[in-house]
Amino acid sequence: MPDNDRDLKSRPDPDALLALAEQGRRGKLTVFLGAAPGVGKTYAMLTRARRLKEEGGDIVIGLVETHGRSETAALLEGLEVLPRRQVLHNGRTLHEFDLDAALARRPRVILVDELAHTNFGESRHPKRYQDIEELVDAGIDVWTALNIQHLESLSDVVAQIAGVPVRERVPDTVLNRADDVLLVDLPPAELIERLKEGKVYLPDSAKRAADRFFRLGNLTALRELALRRTADRVDDQMVDYLRQNAIEGPWGAAERLLVCIGPDSLSEKVVRTASRLASGLNADWLVVSVERADGEAESGAAMRQLDETFRLAEQLGAETRRIIGNDFVEEILKLARREHATQIVIGTRRHRFPLRLLRRSLPDALAAQAAGIAIHLVTDGSAPAAKPAARRRSTLPEGWGRGVAIAAGAAAAATALGLLIEQFVVLQNISLLFLLAVLVSATYAGYVAAIAAALISVLAYNFCFIEPVGTFTVAEPHEVFALFVFLAAAILAGGLASRVREQAKTARRRAAATQALYDFSRKLSGTANAEDVLWAAVTQIQATLRRNAALLLPEDGDVRLMAAWPPDTELGLTDTMAARWAFEKKEAAGNGTGTLPNSPFQFRPLMSPHGVVGVFGFLQGDKPLEINEERALAAILDQTAIAVDRARLSREILDQAAQLEGEKFLAALLSSISHDLRTPLATITGAVTSLRQLGERMPEESRDDLLKSIEEESGRLTRFVANLLDMTRIEAGTVNAKRDWVDVADVVHSAVERARKYFPGRVFETSIAPDLPLIRGDSVLLGQVIFNLLDNANRFGGDEPVSVYGRREEDEIVLSVTDLGKGIAAADLDHVFDKFFRKGKPDGRSLGTGLGLSISKGFVEAMDGRIKAESPAMKRRGTRISMRFPAAEAAIVEKERG
């Protein structure tokens, strides 16, 4: 064997290791399994609990039912017992297991008896096994007891054996997920003896149990079921151990079952049989139903029965799927080969002799074409005539009376028209009028109306148009033959017309559903805001289901109602708990589910590729969703989940972009500060050091130069700090520009004089048009803007003079600062007003903080102005920064000043 193959075989199975890791995060479930009540499950569980308690283990009794057995009750002494929760049910006070108290106590091990028990009152879960699952998920080890007859897959077998229906059932998946299954066995003869001695039930109950259930044959059969199920469980554990430890085992290729069901009563038996078969083979199984693509959907009752069968299959651990197709055999075999199924399980009924001759059943067709795939048939065990009346009633659709009335009216109209025509001309093919009546009936009222119209038309045609007229007697043999041919043609044509009608109705219904989903998807595709997505979803769902709808999103570690229709919909405490459960457990909760069913709402998680993004709830009421409503709801929820996830990702991208921009801003700020603080501080430090060290020995002219440089660099630092403060105000949105009347000429002259003082080596020229109107603004901010522009021109404008112009253009005042420096590249014109954008001098040196122009833009916009950079300004070089402000009318100024 090659080394690579040897290495692969020596590696543990990854799926087995993942399952083992998952078990490590949960508590351990131990099930004490028995064939019948009284075998000693609770006694064995308590005996083991006492041993653990003596060893110092943290063990608590959550709930134990002694059923009056004194030896069992004695074992409770010395063990911590949680108080039970009181529940009022039908006027009686019952004592139930307190799940919340157990979670609060959080022991290492807890005993909860009677796994199949049904909870009463306002319980979080309707079944006790769901309470136990929550305890296990919380990391608490649970010991519990179960009788074999309560397993869901065996309930029909037990009912046949014992003749008593099993009301309380536990899904097989609960037992399959148990970490340990301990069989508590007792021979049937000894169990019957214990029953007679009153050690199982009280005397009155014991007598009834002995007559009905505790018979030797029943107990022997139940014991065999318990032994077989435990043996299967041990075999599964052995295989898991071998795979987890990379030990080559004797197992062969895995089996996979494909189970076919439909909307009939036999499907439930098929599912239970397939579950037992899959358990015995340790095989995966897939339950599938095929719906015709060109046919009308089944009745509501049939589809509800199909939904219940699917839920049963999911409880038993199956994967479920619905497919659409016209050729059932082709679709089933195609799916079987795609899923690598080794066996097909399907139900079959015994048909009457004529039906077996006329058509081949679906199981027969599958057996003829399923090459290489085994076919497992499940029979109903009933005689062909067991339910003839029910079957006839089931084929009679709703509204048949209206259809018959339409058929009678159409046949009557055809008869009257034929009699009228015969008054003028005798036609040999007058029967075509009745064929038209059949087609009209089929088109407007369906197949029942078509058959009724065909029968009525034959009678009317015979009575009114075939000799002898006025009787139902047919004189000529060829007329008899024509009559039967007409009847066959009418029924066939009516059937075809009815089928076309049903297909058209189905096509219209599906087209409407598809159009609604298309419109909804288009609405979502143009919506990036999560709130808009939620409101679009609830309105669409409410319009589709005609029920109250609510959508909740996670916020601060909880789920909060974000959108609902009607908008005044409110959720109670139970509703909120169900929504929280659906979000945390990723499963449906609320009405119609196994968790908090007392809530009027049913909540479902919104699943996306990145996990649960929210919770959807709708008012369930007494009427469950139809299959078409389920499909529409599933499609809407899938699109909603994707849209909500997309909105969340968009928000995260924006947040990350803002964070990145902030980091860039901080880096640029630190770089600018480090450069612009270091240079003037170094100059000041050097000048001060020279003055202190040389003092009077330094020439007076040199001292004046050093003092002047200190003054200039101090002013530079002052302007730098002022720019930082101004930028902070702009970023925070706290720039409150005054709305005074401002004389632009005065502000320009003041700013130019200030610049001449700061930059004595630079020539500044001004050209202000006379009689410029006033503007609304802040003279201080406008002066700071002009000074910043002059500072920028001084830095990058070369040695040429800097010019300031002011003029009026229509209803605007235009101010511009122009230099004749190197200019700004066209690609940089859109960025010169960005923070920390700095234009280098021709020699490559970078000066300034890059805040001056950005501050100028903020101030100008605060005064309702606009600012723009142009380059080259003139003579094919230089830069012009121009500002535009609304000009005030003189009359308005005089009126306000007066």
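Calculation criteria
- Residues numbered from 1 in each chain as written.
- Predicted model: local features only at pLDDT ≥ 70, side-chain atom pairs only at ≥ 80, totals over all residues.
- Heavy atoms only, no water.
- Helix = DSSP H or I, 4+ residues; strand = E, 2+ residues; numbered from the N terminus.
- Contact = heavy atoms within 4.5 Å.
- Areas by Shrake-Rupley, 256 points an atom, 1.4 Å probe, with all protein chains shown as cover.
- Core = buried A, V, L, I, M, F, W, Y, C linked by side-chain atoms within 4.5 Å.
- Buried < 20%, exposed > 50% of the residue type's maximum accessible area, 1.4 Å probe, protein only.
- Salt bridge = Lys/Arg side-chain N within 4 Å of Asp/Glu carboxyl O.
- Pairing = 2+ DSSP bridges.
- Axes fitted to C-alpha atoms, helices over the stretch in contact; angles between N-to-C directions.

Colleague: Mind showing me how you'd approach the overall build of the protein chain here?
Modeller: Secondary structure assignment for the protein chain yields 29 helices and 25 strands. Taking all contacts inside the protein chain whose residues are at least 6 apart in sequence as the whole, residues at least 24 apart take part in 69%. Carbon and sulfur atoms provide 54% of the accessible area of the protein chain, an area that totals close to 47,900 Å².

Colleague: Even after reading the chapter, I still don't get the nonpolar core, so can you show me in this structure?
Modeller: Note that soluble globular proteins tend to have their nonpolar side chains buried in a common cluster. Within the largest apolar cluster, 60 residues are counted, with the highest numbers of intra-cluster contacts made by I110 and L135. For I110, the residues in contact, after removing those within four places along its chain, are V60, G62, L82, F97, A102, L135, I140, D141, V142 and W143. Counting residues in each nonpolar core, the second largest holds 40 residues, with A755, I775, V804 and F885 among its members.

Colleague: What is the right way to read the pattern of salt bridges from this model?
Modeller: A side chain with one charge may pair with a side chain of the opposite charge, provided their charged atoms come close. For the structure shown, the criterion picks out 33 salt bridges. Across the pair D100 and R124 runs a salt bridge, and its minimum N-O distance is 3.0 Å. Residue D100 is found in helix α5 (residues 99-105), and its partner R124 is found in the loop between β6 (109-112) and α6 (128-137); the two are separated by 24 residues along the sequence. For R124, a relative accessible area of 15% puts it in the buried group. For D185, the salt bridge is made with R223, and the minimal N-O distance between the two is 2.7 Å. Of this pair, D185 sits in the loop between β8 (180-184) and α9 (188-196) while R223 sits in helix α11 (residues 216-244); the two residues are 38 residues apart in sequence, bridging distant segments of the chain. Residue classification places R223 among the partly exposed residues on the basis of a relative accessible area of 26%. What emerges from the salt-bridge pattern is a single network uniting R807, E809, E812, R866 and R884.

Colleague: What exactly am I supposed to notice about the sheet that holds strand β10 (residues 284-291) here?
Modeller: Pairing between the strands of a sheet comes from backbone hydrogen bonds, and it takes one of two forms, parallel or antiparallel. Overall, parallel pairing links the five strands, which are arranged β11-β10-β9-β12-β13 in an open sheet. Every interior strand has two partners, whereas the edge strands, β11 (319-324) and β13 (374-379), have only one. Geometrically, the sheet is characterised by an average inter-axis angle of 25° between neighbouring strands, direction not taken into account. The pairing of strand β12 (residues 343-348) with β13 spans six bridges and is parallel.

Colleague: Teacher, can you tell me more about the sheet that holds strand β17 (residues 601-608) here?
Modeller: Reading across from one edge, β15-β14-β18-β17-β16 is the order of the five strands in this open sheet, with antiparallel pairing throughout. Each edge of the sheet is formed by a strand with only one pairing partner; in this case those strands are β15 (558-565) and β16 (589-590). As paired elements, strand β14 (residues 549-555) and β15 share seven bridges and run antiparallel to each other. Considered in β15, the bridge of L552 is made with L561. This element, helix α22 (residues 530-545), spans β14, β15 and β18 (611-619) of the sheet and lies at about 55° to β15. Sheet contacts for helix α23 (residues 573-585): β14, β15, β16, β17 and β18; angle to β17, the most-contacted strand, approximately 25°.

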